[in-house]
Amino acid sequence: MRYSLSTKEHCRAARPLSCFAVLAILLAISLALSAEPLPGKSPTRRLTTDGDYKAHLSWSPDGSQIVFTRIHDGKMSLWSVRADGTGLTRISRRDDGPDFDPSWFPDARRLVYVHDQLQGTDGKLSIYSMLPDGSNASVLVPNQAFEECPRVSPDGTRLLFVSTRHGNQEIYLADISGKEVRRLTNDPAPDTHPSWSPDGQQIAFASARSGNWDIWVMQSDGSQPRRLTDHPALDCWPVWSPDHRFIAFTSNRDGNYEIYLVRPDGTGLRNLTQSPAWEHFAAWSPNGHQLAFVSTRSGGYDIYVVPVE
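Just so you know, the residues in each chain are numbered from 1, in the order the chain's sequence is written. Owing to the predicted nature of the model, reporting of local features is limited to residues with pLDDT of at least 70; listing and counting of side-chain atom pairs is limited to 80 or more, with chain, interface and lining totals taken over all residues. Side-chain descriptors were evaluated using all non-hydrogen atoms of the structure, hydrogens and water having been removed beforehand.

With respect to the layout of surface pockets
In this model, the largest pocket occupies a volume close to 750 Å³. Grid points spaced at 1 Å over the protein atoms alone were grouped into cavities, where a 1.4 Å probe fits but cannot get out, and pockets, open sets with protein on both sides within 12 Å along at least five of seven lines, with lining residues defined by an atom within 4 Å of a point. Forming the walls of the largest pocket are 33 residues, and the residues nearest its centre are Ser58, Trp59, Ser103, Trp104 and Trp240. Counting only elements with at least two residues in the lining of the largest pocket, the list comes to β2 (54-59), β6 (99-104), β10 (147-152), β14 (191-196), β18 (235-240) and β22 (279-284). In this classification, Asp, Glu, Lys and Arg are treated as charged, Ala, Val, Leu, Ile, Met, Phe, Trp, Tyr, Cys and Pro as nonpolar, and every other residue, Gly included, as polar. In the lining of the largest pocket, the residues fall into 21 nonpolar, 10 polar and 2 charged. Grid points are joined across faces, edges and corners, and a volume is the space filled by probe spheres set on the points. By the criteria applied, helices consist of DSSP H or I runs no shorter than four residues and strands consist of E runs no shorter than two, each listed in order from the N terminus.

Here's what the structure looks like:
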């Protein structure tokens, strides 16, 4: 079965089954298993302890903080926490719909994110930009369909995003103002979750074009797509390490959702987190020595950091 991998947690009745819907099924099992702390085989550091739902981590270019999606008091908005676990702060404060999936500009002066203007059981997703304190928000990619997964190129001149404007999830490229939009993928199956290589020459992404969800890599102009993982499990949410050594991604190939690493040539696959809990949304530190992720190993959804050798 082919289905969309949306970046949203809350339901869209008009859309196919999303990645979060699949993960939610496994989550019920994970939470039952993780009522007590579950140590992984790698040393981890816990940054948050509130247990609220969290997703879409993005580490700041200076390494000082992590921004993320959080549902708190019934509202989905953008939050930040310092890299030492202090200073949990709400950034976005709009009440006309959820804000989610933040990502940094490389100079750390602005963030891109998705705002959903809810309309009944559906919504109008647009891509916005704002200052790190939540001020000066402006539209980059106005709603035509579902516009999501914004990722700014390493040189700060281009914007990747995912849209359903041609029927299913495809990856698009625009200039940094959201103009001159060009479609990079064109396949009957959905393509989503793009991630720039550190030099901006390649893009990792998740695709169902092989019949199940795998990680793929293509050139930044959309050419030469190649399959990086090949497994009947669900592989999604790839993120390229700043030193180009690894691509981290989420997979349930060992029975529950965990963070895996693979080299850009497809070798060296390994399970990084090795925990019975649900783990997802990897984000690299700027020096590539640490990986942050969301885990239910302590009973709720919290952010953890693990060193990567």
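Considerations on unusual backbone geometry
Phi angles above zero are rare outside glycine, and His244 is one such case at about 75°. Mapped onto the fold, His244 is located in the loop between β18 and β19 (247-251). Of note, Gln274 is a non-glycine position whose phi angle comes to about 45°, a positive value. In this structure, Gln274 sits in the loop between β21 (270-271) and β22. Relative accessibility under 20% of the residue-type maximum defines a buried residue, over 50% an exposed one, and the middle range a partly exposed one, all with a 1.4 Å probe and only protein chains included. Assessed through its relative accessible area of 31%, Gln274 is described here as partly exposed.

Thoughts on the sheet that holds β18
The strands that make up a sheet are held in pairs by hydrogen bonds between backbone atoms, and each pair lies either parallel or antiparallel. One requirement defines pairing of two strands: DSSP has to find at least two bridges between them. Spatially, β18-β19-β20-β21 is the arrangement adopted by the 4 strands of the open sheet, whose pairing is antiparallel. A single partner strand is all that each edge strand has here, and the edge strands are β18 and β21. Sheet topology note: the strand β20 (residues 258-262)/β21 ladder contains 2 bridges and is antiparallel. Directly across from Leu261, in β21, lies its bridge partner Arg270.

Quick look at the nonpolar core
Ranked by size, the top nonpolar core spans 48 residues in total, and within it Leu57, Ile66, Ala248, Leu261, Phe281, Trp284 and Leu291 carry the most contacts. By definition in these notes, contact holds between two residues if any of their heavy atoms fall within 4.5 Å. Beyond its immediate sequence surroundings of up to four residues, Trp284 is in contact with Trp59, Val239, Trp240, Ser241, Pro242, Phe246, Ala248, Leu261, Gln290, Leu291 and Val308. Nonpolar cores are built from buried Ala, Val, Leu, Ile, Met, Phe, Trp, Tyr and Cys residues. Side-chain atoms within 4.5 Å join them into one set.

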